[in-house]
Amino acid sequence: MKKITFLVKHDSFGRVRRVGNTFINYYSRDRVSRIGTVYMRYNRFALTQIGSLQIVYNRRGKIVDMFGQVKGRRTGFTNSY
């Protein structure tokens, strides 16, 4: 079996900036804003969106629902000429 290794680069703050060919971007609060082409969004306390995946929390901060996809094709799209 062949062993696969990835190059991992860090910035001056010690955060991971790159794994292989995939770049990681951060907000000013050290929250991840983008990994490769997948964007992330936060509310005051937690992650609310990863790509097209929406995360819904209850009042206590527990995940109650998730819908969508992290990365994929859109559903319901028709291309007719």
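Residues numbered from 1 in each chain as written. Predicted model: local features only at pLDDT ≥ 70, side-chain atom pairs only at ≥ 80, totals over all residues. Heavy atoms only, no water.

**Focus: the overall build of the protein chain**
Rule in force here: Each helix is a run of H or I in the DSSP string that is no shorter than four residues. Each strand is a run of E no shorter than two, and both are numbered from the N terminus. Accessible area is worked out with a 1.4 Å probe on protein chains only. A residue is then buried under 20% of its type maximum, exposed over 50%, and partly exposed in between. Between two residues, a contact is recorded if the distance between any of their heavy atoms is within 4.5 Å.
A count of helical and extended segments in the protein chain gives 0 helices and 8 strands. Ordered by position in the sequence, the α and β elements of the protein chain form the string β-β-β-β-β-β-β-β. Across the 81 residues in the protein chain, those meeting the buried criterion constitute 19%. Here the contacts in the protein chain between residues at least 6 apart in sequence split such that 3% fall between residues at least 24 apart.

**What about the pattern of salt bridges?**
Going by this rule: A carboxyl oxygen of Asp or Glu within 4 Å of a side-chain nitrogen of Lys or Arg is what we treat as a salt bridge.
For the structure shown, the criterion picks out 2 salt bridges. Salt-bridge contacts for D11 lead to R15; the nearest nitrogen and oxygen are separated by 3.0 Å. According to the relative accessible area criterion, R15 is buried, its value standing at 18%. Linking D30 and R15 is a salt bridge whose minimum nitrogen-to-oxygen distance equals 2.8 Å. One end of the pair, D30, is in the loop between β3 (22-26) and β4 (32-35); the other, R15, is in the loop between β1 (8-10) and β2 (16-19), with 15 residues separating them in the sequence. One network of salt bridges, in which partners are shared, links D11, R15 and D30.

**Brief notes about the pairing of strand β7 (residues 53-57)**
Our working definition: When DSSP locates at least two bridges between a pair of strands, those strands are taken to pair.
Taking every second residue as pointing to the same face, the buried face of β7 carries L53, I55 and Y57, while none of Q54 and V56 on the other face is buried. Strand direction decides the pairing type here: strand β6 (residues 47-50) and β7, joined by 2 bridges, are antiparallel. Note on β7: the bridge partner recorded for I50 is L53. Linking two consecutive strands that pair antiparallel, namely β6 and β7, is a turn of 2 residues; a positive phi of about 65° is found at G51 within it. When β7 meets strand β8 (residues 63-67), the two strands line up antiparallel, connected through 4 bridges. Bridge pairing links Q54 to F67 in β8. Taking the residues between adjacent antiparallel strands as the criterion, β7 and β8 are bridged by 5 residues, where G61 takes a positive phi near 90°.

**Here we look at the confidence of the model for the protein chain**
The cut-off we apply is this: Known as pLDDT, the predictor's confidence for each residue is given on a scale from 0 to 100.
Considering every residue of the protein chain, the mean pLDDT works out to 87; 88% of them sit at 70 or more. Per-element mean pLDDT across the protein chain ranges from 93 in β8 up to 96 in β2. Counting interchain partners and residues more than four positions distant, the pLDDT-below-50 stretch residues 75-81 has 0 contacts.

**Some thoughts on the side chain of Q49**
Filter applied, for reference: Pairing of N or O atoms within 3.5 Å defines a polar contact, subject to two protein rules: one partner must be a possible hydrogen donor and the other a possible acceptor, and residues neighboring in sequence count only if both atoms are side-chain atoms.
Note that Q49 resides in strand β6. Within polar-contact distance, the side chain of Q49 engages the backbone oxygen of G51 at 2.8 Å. Here the side chain of Q49 touches Q54 through a polar contact of 3.4 Å, side chain to side chain. The residues touching Q49, leaving out its near neighbours within four places in the chain, are Y39, M40, R41 and Q54.

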